Amino acid sequence: MFQTFKDWFWLERFWLPPAIKWSDLEDHDGLVFVKPSHLYMTIPYAFGLLIIRHFFEKFIATPLAKAFGIQEEVRKIIPNTVLENFFKHSSRQPSEDDIYGLAKKCNLTERQVERWFRSRRNQARPCRMKKFREACWRFAFYLMITIAGIAFLYDKPWVYDLGEVWNGYPRQPLLQSQYWYYILEMSFYWSLLFSLGSDVKRKDFLAHVIHHLAAISLMSFSWCANYIRSGTLVMIVHDVADIWLESAKMFSYAGWKQTCNTLFFIFSAIFFISRLIIFPFWILYCTLVIPMLYLEPFFSYIFLNLQLMVLQVLHLYWGYFILKMLKRCIFTKNIQDVRSDDEDEYEEEEEDEGKDKATEGKEKDCVKNGLGAHRSLIPNGQHGR
């Protein structure tokens, strides 16, 4: 049954233009052509990238973070068995009635119970050091792969003449530079997928999973159908903007707000140019219109362009959020990623905690004099409500 499915899945009419056979893409005369089996190597390479990432974060990203003044945060809380059991087994966000009951049970004030739960929630949140290391690793990879992509593509004729993308298709031999560009990019996305469980948990976690799987699926499909030339153009258009986004995040975590804002403006400009102008009017024109000058429509041509048009819809979706962040930056002088990250929630809670300490100080002064927090008399040892 598996063999039957395999034979059906690899039917030439699904992948290749009419009258073209898989035998036409066999290696000959020193020419090497793409093979689906090449993609197996992306998995071990992905684990290799995870190992490289571990040492990069330890020996490069961490010292760099400390040079920016970012320190490892040790969030200690006073151990409390009753509150810990409630936190783990009942709720991370206790109601007012729960807080009142827990305060009586632990012989604490309600403020102390609230602050304990706030500190306990913050303890589970990733620190800025971890966020900086992750952004630094992605920045380093995107910078490396973008430079490599430019070096691989600058002298290729199909970059300057889009007709060359389809000239001779699909009998286009695989260049060594194309092989490494594709394999490294796919391995990187596999590594991001494998590390999602240990990376900073974001509000759009599911969106990240879908994005990584979609990227791997699109690159795998374009590889198997030998859309390598157009595929490399799609990758370089996407990678060139991501460098600026990750660098903006790094400076945001370091507290360099002005530099972060500047880098984010650069990222936004490159994003809108590359993904809302170049991609639809250059890449999609190349994959949708130009092939009709050389070929008749066939299944993989239709499927490829459907995927690219879905990708363009995602560009519009992300562009909407970028515009929201730009609006926030212009009018509030502060950028907050509206898609993800809990760091701002942490900062708000830290500010509230400072207010709580000041309030609790007043409470203590009042209690010493037999007064409640609002200067109403309460019996010693009881909790005002």
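The rules we used
- Residues numbered from 1 in each chain as written.
- Predicted model: local features only at pLDDT ≥ 70, side-chain atom pairs only at ≥ 80, totals over all residues.
- Heavy atoms only, no water.
- Helix = DSSP H or I, 4+ residues; strand = E, 2+ residues; numbered from the N terminus.
- Contact = heavy atoms within 4.5 Å.
- Areas by Shrake-Rupley, 256 points an atom, 1.4 Å probe, with all protein chains shown as cover.
- Core = buried A, V, L, I, M, F, W, Y, C linked by side-chain atoms within 4.5 Å.
- Buried < 20%, exposed > 50% of the residue type's maximum accessible area, 1.4 Å probe, protein only.
- Arc of directions from axis to C-beta.
- 1 Å grid on protein atoms, 1.4 Å probe; cavity = no way out; pocket = protein on both sides within 12 Å on 5 of 7 lines; lining within 4 Å.
- Points joined across faces, edges and corners; volume = space filled by probe spheres on them.
- Nonpolar A, V, L, I, M, F, W, Y, C, P; charged D, E, K, R; others polar.
- Phe/Tyr/Trp six-rings, centres within 6.5 Å; stacked < 30°, edge-to-face > 60°.
- Axes fitted to C-alpha atoms, helices over the stretch in contact; angles between N-to-C directions.
- Left-handed = near helix turned anticlockwise from the far one by under 90°.
- Polar contact = N/O pair within 3.5 Å; in protein donor to acceptor, adjacent residues only side chain to side chain.
- Salt bridge = Lys/Arg side-chain N within 4 Å of Asp/Glu carboxyl O.

Now for the overall build of the protein chain. On a plain count of helices and strands, the protein chain comes out with 14 helices and zero strands. Mapped from its N terminus to its C terminus, the protein chain presents α and β elements in the order α-α-α-α-α-α-α-α-α-α-α-α-α-α. In the protein chain, the share of contacts with a sequence separation of at least 24, taken over all contacts with a separation of at least 6, comes to 80%. On the protein chain, roughly 20900 Å² of surface is accessible, and the fraction owed to carbon and sulfur atoms is 63%.

Bringing the nonpolar core into the picture now. In this structure, Trp166, Trp223, Tyr227, Phe279 and Leu308 are the most contacted members of the largest nonpolar core, which totals 69 residues. Where this core is concerned, the elements lending two or more residues are helix H2 (12-15), helix H3 (42-67), helix H7 (128-153), helix H9 (176-194), helix H10 (205-224), helix H11 (228-254), helix H12 (257-288) and helix H13 (299-332). For this core, the element with the highest residue contribution is H11, accounting for 10 residues. When sequence neighbours within four positions are dropped, the list of residues in contact with Phe279 reads Val234, Val237, His238, Ser274, Leu284, Leu308, Leu311, Gln312 and His315. In this structure, Ala241, Phe251, Ile322 and Met325 belong to the second largest nonpolar core, which totals 12 residues.

We now examine helix H5 (residues 96-106). By the burial criterion, the buried members of H5 are Ile99, Leu102, Ala103 and Cys106. Down the axis, H5 shows its buried residues gathered within 105° of arc, on one side only. Away from its buried face, by an angle of more than 90 degrees, H5 presents the exposed residues Asp97, Lys104 and Lys105. Following H5 by one or two positions, Asn107 has its phi on the positive side, about 60°.

Here we take up empty space enclosed by the protein. Applying the stated criterion across every chain, the model contains three cavities of 30 Å³ or more. Looking at the second largest cavity, its volume works out to about 40 Å³. Every residue along the wall of the second largest cavity is listed here: Gln172, Pro173, Leu174, Gln178, Asn226, Ile228 and Arg229. Taken together, the residues of the lining of the second largest cavity break down into three nonpolar, three polar and one charged.

This paragraph deals with the packing of aromatic side chains. Applying the stated criterion to the full structure yields 42 aromatic pairs. For the ring pair Phe141 and Tyr142, a centre distance of 6.3 Å and an interplane angle of 70° mean the geometry is edge-to-face. You'll find Phe141 and Tyr142 in the same group, each marked buried. Taken together, a centroid distance of 5.8 Å and an interplanar angle of 50° make the contact between Phe267 and Phe271 tilted. Residue Phe267 and its partner Phe271 are both found in helix H12; the two are separated by four residues, about one turn of the helix. Like Phe271, Phe267 is buried.

Glancing now at the packing of H3 against H7. Interaxial distance between H3 and H7 falls to 9 Å at its minimum, and their mutual angle equals 120°. Seen along the crossing, H3 lies across H7 with a hand that is right-handed. Every residue of H7 that contacts H3 at Leu49, Ile52, Arg53, Phe56, Glu57, Ala61, Thr62, Leu64, Ala65 and Lys66 is listed here: Met129, Phe132, Arg133, Glu134, Cys136, Trp137, Ala140 and Phe141. Tallied by class, residues from the contact of H3 with H7 come to 12 nonpolar, one polar and five charged.

Further remarks concern the environment of Leu143. Of note, Leu143 is situated in helix H7. Relative accessible area serves as the criterion here: at 33%, Leu143 is assigned to the partly exposed category. Note: C-alpha distance between Leu143 and Trp244 (101 residues apart in sequence) is 9.2 Å.

The subject of this paragraph is the side chain of Ser191. As for its position among the elements, Ser191 is in helix H9. Side-chain polar atoms of Ser191 contact the backbone oxygen of Phe188, separated by 2.6 Å. Beyond its immediate chain neighbours, meaning those up to four positions away, Ser191 contacts Ala46, Leu49 and Leu50.

For the structure shown, the criterion picks out 12 salt bridges. The salt bridge partner of Arg171 is Asp24, with a shortest N-O separation of 3.6 Å. Placement of the pair is Arg171 in the loop between helix H8 (157-160) and H9 and Asp24 in the loop between H2 and H3, with a sequence separation of 147 residues. Take Arg171: its relative accessible area is 44%, and that puts it in the partly exposed class. Lys130 is the partner of Glu134 in a salt bridge, and the nearest nitrogen-oxygen pair spans 3.6 Å. Of this pair, Glu134 and Lys130 are both found in helix H7, four residues apart, which corresponds to roughly one turn of the helix. Take Glu134: its relative accessible area is 2%, and that puts it in the buried class. Overlapping salt bridges, with partners in common, bring together Lys130, Glu134, Arg138 and Glu246 in one network.

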